[in-house]
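# Per-entry structural report
What follows is the residue order along each chain.
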Amino acid sequence: MPAARGRGRSRRGGARGGRREEGSRRRRVSRGGRGGSGAAPLPERLRPGAPGGRAAPAAGMLPPARRGRRLALPALLSLLTCSLAFALVSEDTKKEVKQSKNLEKSGVSRKSDIDLKGIVFVIQSQSNSFHAKRAEQLKKSILKQATNLTQELPRVLLLHQLSKQEGAWTILPLLPHFSVTYSRNSSWIFFCEEETRIQIPELLETLRRYDPSKEWFLGKALHDEESTIIHHYAFSENPTIFKYPDFAAGWALSIPLVNKSKGIFHLCRWASLATFSRRGTLEFDLDQRFARLTKRLKSESLKSDFTIDLKHEIALYIWDKGDGPPLTPVPEFCTDAVDFYCATTFHSFLPLCGNPVKKEDIFFAVKTCKKFHGDRIPIVKQTWAGQASLIEYYSDHAESSIPTVDLGIPNTDRGHCGKTFAILEKFLNHSHDKIAWLVIVDDDTLISISRLQHLLSCYDSSEPVFLGERYGYGLGTGGYSYITGGGGMVFSREAIRRLLASKCRCYSNDAPDDMVLGMCFSGLGIPVTHSPLFHQARPVDYPRDYLSHQVPISFHKHWNIDPVKVYFTWLAPSEEDKARQETQKGFKEEL
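What comes next is a walk through the structure. Please read these numbers as outputs of a predicted model, since none were measured by experiment.

## Side note on helix H16 (residues 563-570)
Within the sequence span of H16, burial applies to Pro563, Val564, Val566 and Tyr567. One face of H16 carries all of its buried residues, which in axial projection span an arc of 160°. Relative to its buried face, H16 has exposed residues pointing more than 90 degrees away, namely Lys565 and Thr569. Contacts made by the buried residues of H16 are with helix H10 (376-382) and strand E18 (445-447). You can read the cap of H16 off the contacts: a side-chain oxygen lies 3.1 Å from the backbone nitrogen of Val564, and it is on Asp562.

## Brief notes about the state of the cysteines
All chains considered together, the criterion is met by four disulfides. Covalently, Cys353 is tied to Cys458 through a disulfide, its sulfur atoms 2.1 Å apart. Taking the sign of the torsion about the S-S bond as the criterion, the disulfide between Cys353 and Cys458, at about 90°, is right-handed. Of this pair, Cys353 sits in the loop between strand E13 (344-346) and strand E14 (362-367) while Cys458 sits in the loop between helix H12 (449-456) and strand E19 (466-468), placing them 105 residues apart in sequence. Judged by relative accessible area, Cys458 falls into the buried class, the value being 9%. One disulfide in the model links Cys417 with Cys506; its S-S distance is 2.1 Å. Torsion about the S-S bond of the Cys417 and Cys506 cystine: about -85°, corresponding to left-handed handedness. Pair noted here: Cys417 is in helix H11 (residues 417-430) and Cys506 is in the loop between helix H13 (493-501) and helix H14 (513-523), with a separation of 89 residues, a long-range link. Like Cys506, Cys417 is buried. For the protein chain, numbering the cysteines in disulfides from first to last along the sequence yields the connectivity 1-2, 3-5, 4-7, 6-8.

## Considerations on the sheet that holds strand E17 (residues 437-442)
On the basis of which strands lie adjacent, the open sheet formed by seven strands has the order E16-E15-E14-E17-E22-E19-E23 and mixed pairing. If you trace the sheet from one side to the other, it starts and ends with strand E16 (404-406) and strand E23 (529-530), each paired once. Bridge count for E17 against strand E22 (residues 489-492) is four bridges, and the pairing is antiparallel. Within E22, the residue paired with Trp437 across the bridge is Ser492. Relative to E22, H13 is tilted by about 85°, and along the sheet it contacts E17 and E22. Contacts between H14 and the sheet are confined to E14, E19 and E22, with E22 contributing the most and set at about 35° to the helix.

Basis of the calculations
- Residues numbered from 1 in each chain as written.
- Predicted model: local features only at pLDDT ≥ 70, side-chain atom pairs only at ≥ 80, totals over all residues.
- Heavy atoms only, no water.
- Buried < 20%, exposed > 50% of the residue type's maximum accessible area, 1.4 Å probe, protein only.
- Helix = DSSP H or I, 4+ residues; strand = E, 2+ residues; numbered from the N terminus.
- Arc of directions from axis to C-beta.
- Contact = heavy atoms within 4.5 Å.
- Polar contact = N/O pair within 3.5 Å; in protein donor to acceptor, adjacent residues only side chain to side chain.
- Disulfide = S-S within 2.5 Å.
- Pairing = 2+ DSSP bridges.
- Axes fitted to C-alpha atoms, helices over the stretch in contact; angles between N-to-C directions.

Right, dumping it as structure tokens:
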């Protein structure tokens, strides 16, 4: 893999510089941007159906092996490596936008006259009650606009209702179903987030510019400004060359492209020919009609078992080393409402559902160790700790000047599962019952407490809530989703109670805590809840256009940045936050 541009600190501390060190660090990113090494494989006794010992969740998936061990073959996403960077020939963003509007040169048809029944809307919804309600409100808005246009109502699907199978949120496994079900009477599958605002007339006019008989992958284009760990340092020599969609603005696949994808995904274990049962859940029957693609996948090793940044990975898969279409930037797919021609916009706000959660109802647990007491803990105290009402520092060494709490768990260079479960047990058994929420962060996590208070007002702590930035592991082969730890893991008390009442525990103190938690909650049937406002990496690791429509809650890592400056630039309470609160009060009516 080509050398990366960035340099940073490892989880063990100490500055790292130069290409040699970066090359070593990149070889440790098999956990998808965590910056740490892998963990030991899951012992046989923790697999489903194993005799004796503690039972693992039904998913039965193993966390990744230690370094040097070859990854298992995933059946969902094929991440491409940096060696493919020069295969894609692309122009800069402005030229691509102009090209997308040039009807003659881009092959766009002036005669395309689709109506709403030719579009299948897919809202990327979640099962949590707050998110499901927001998705339903957007669905009503779409249908109301269609009624006002006196057109036949389109099909509007909620992603979380399509399948109870773990990993449906990755979308790719559902493409065979879309192909089989909608290819005869539809031209487009249009995806959007719960907070995407759609102007149906403008969307129709926009899609009519593109010939629906051809393969199109449309969206608002994002690109990396520098190679980043969350994308496995792809295209390190020229990160701007590869474009991927901003989901917030909506994105679209033409049916011919979906039909092409059908053959690819027949090869996935649970993404083969999809049909609906009477209850509306997906059932999958293996189909052997695409044997030629089987041969292709056998000859080409897939690159990762992890789903880290879905929008980037979907673009890579569709592009398919140049055999598929790259993303076509569409100017009318917007995240700002400043342009009159926008077919979509996205509202940048923190949801506020009543009064913000009180600080006294949120307990913050900071994971640290003795060697970081002197450099990381002072940054925590200089930035966000003063905003917390309840905070403790959990370490392998008791130091009264901080103070830290020694949990009796030896420090480990990776994983920290033993420490995390000890924190969970201490919170449940020794904290006041009225404390509704627990937030576990690393000692190099930066977080906005005031914004978190607003966000949590929309969640019911009596429900089992496990909230943060969602990753996936082995989702094509029966795996699980998990909340990546660096951005912060938020637990309702009820979620912790159910977890500890189960028999699911760490198989070793240095197991990857966030992945074990994801495996456990998956086995309990408790889905993780994703918020893109939590970030596993630094601000420089994300496109500026992506962060421009966010009100971020957290960032992670101190590599080559001034963490104090990052906090006060991105996360500190400000007058702007207060102004946002006033505009959020009526956000339900905006739909």
